[in-house]
Amino acid sequence: ITLLKNGALTGKGEFHPGDKAGRFDFDVTGLDLHAIHNELKPTRLAGPLNVVLKPGGQDILLKLQDAQYGIQADVAVTPEQVTLKQVLLTAQKARLELAGTLGTVGAMEYAFKGKLANFDPSLWLKTGKVPADAKAGTAPHSISARINMDFDTTGSLSPALQVRLNFSIHDSSYDQLPMSGSGKLQLAGKRLLPSSLDLLVAGNQLQLKGAFGAPSD
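Residues numbered from 1 in each chain as written. Predicted model: local features only at pLDDT ≥ 70, side-chain atom pairs only at ≥ 80, totals over all residues. Heavy atoms only, no water.

Trainee: Before we move on, could you go through the overall build of the chain and cite the residues and values that matter?
Mentor: Broken down by element type, the chain carries 1 helix and 15 strands. Within the chain, the proportion of its 217 residues that are buried is 29%. Residue pairs in contact within the chain that sit at least 24 positions apart in sequence constitute 34% of those at least 6 positions apart. Of the roughly 13300 Å² that the chain leaves accessible, carbon and sulfur atoms contribute 58%. Computed over 22 positive and 20 negative side-chain charges, the inter-centroid distance for the chain is 2 Å. (Helix = DSSP H or I, 4+ residues; strand = E, 2+ residues; numbered from the N terminus. Buried < 20%, exposed > 50% of the residue type's maximum accessible area, 1.4 Å probe, protein only. Contact = heavy atoms within 4.5 Å. Areas by Shrake-Rupley, 256 points an atom, 1.4 Å probe, with all protein chains shown as cover. Lys, Arg positive; Asp, Glu negative; His and termini not counted. Charge placed at Lys NZ, Arg CZ, Asp CG, Glu CD.)

Given below as structure tokens:
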């Protein structure tokens, strides 16, 4: 199977209708994330994709990498829920780890925990550039970051978005300037429920405490 640009998917498998079970083993080659979305950096990811079918759902195991990037995912899917046992993104020394569950029926409740380690969005995404500063003697340069953060979030997607997010940023930088902070945010639809936020980013401080969106806020 030809994927976008120069990517390809090959493999084999079998399915037994009587048992509602089967297994498919694929090999991915030349997968370019930039061909999927033009804001992503070009890649040539390759590796195995394994799908196990069983009466109660599917198990999916993915492990792709190239010279710079890596994507790993261990996912279980049932009619009621998607479970991310482990999702790992790597680029050089940067890591993003994520695990949790997402309901697919009713209120579609979710719960996720994750961690960023030396994470730099500019390794994955096209970012803007800081213009030259003659007084400071700096040339134009891309915005980079080094983010170390722990976070967890719970909530639901239906009938309206409900979010509870806790995070803590430490030992981090943005455009080579210190970055730190923490927060507890709660959203209910378009309303910000009682929340708190304290961020220091490149010398700029942002503080938030309270609620917004209702007459009593």
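Now that the structure is up, let's keep going.
Trainee: Explain the side chain of serine 173 residue by residue, including any values.
Mentor: Checked against the element boundaries, serine 173 lands in strand 12 (residues 162–174). On the accessibility criterion, serine 173 (16% relative accessible area) is buried. The contacts of serine 173, once residues within four sequence positions are left out, are Ala145, Arg146, Pro178 and Met179.

Trainee: Hey, could you go over the pattern of salt bridges for me, with residue numbers and the actual values?
Mentor: Throughout the structure, instances matching the rule amount to 4 salt bridges. The shortest N-O distance in the salt bridge between arginine 23 and aspartate 25 comes to 3.1 Å. By relative accessible area, arginine 23 is classed as partly exposed at 40%. (Salt bridge = Lys/Arg side-chain N within 4 Å of Asp/Glu carboxyl O.)

Trainee: Quick rundown of the nonpolar core? Include the residues and the values.
Mentor: With 26 residues, the main nonpolar core has Leu45, Phe119, Trp124, Ile147, Met149 and Phe167 as its most contacted residues. Mapped onto this core, the elements with two or more residues apiece are strand 2 (21–31), strand 3 (45–54), strand 5 (69–77), strand 7 (94–103), strand 8 (109–119), strand 11 (145–156), strand 12 and strand 14 (191–201). For this core, the element with the most residues is strand 11, which contributes 4 residues. Sequence-distant contacts of phenylalanine 119, defined by excluding residues within four places in its chain, comprise Ala94, Arg95, Leu96, Trp124, Ala145, Arg146 and Ile147. Ranked by size, the runner-up nonpolar core spans 7 residues in total, among them Val75, Val87, Tyr110 and Val163. (Core = buried A, V, L, I, M, F, W, Y, C linked by side-chain atoms within 4.5 Å.)

Trainee: Talk me through unusual backbone geometry; I want residue IDs and the actual numbers.
Mentor: Put simply, serine 158 and proline 159 share a cis peptide bond, and its omega is 0°. Inspection of the secondary structure puts proline 159 in the loop between strand 11 and strand 12. The phi angle at glutamine 92 is positive, at roughly 55°, despite the residue not being glycine. Mapping glutamine 92 onto the fold places it in the loop between strand 6 (81–91) and strand 7. With a relative accessible area of 59%, glutamine 92 lands in the exposed category.

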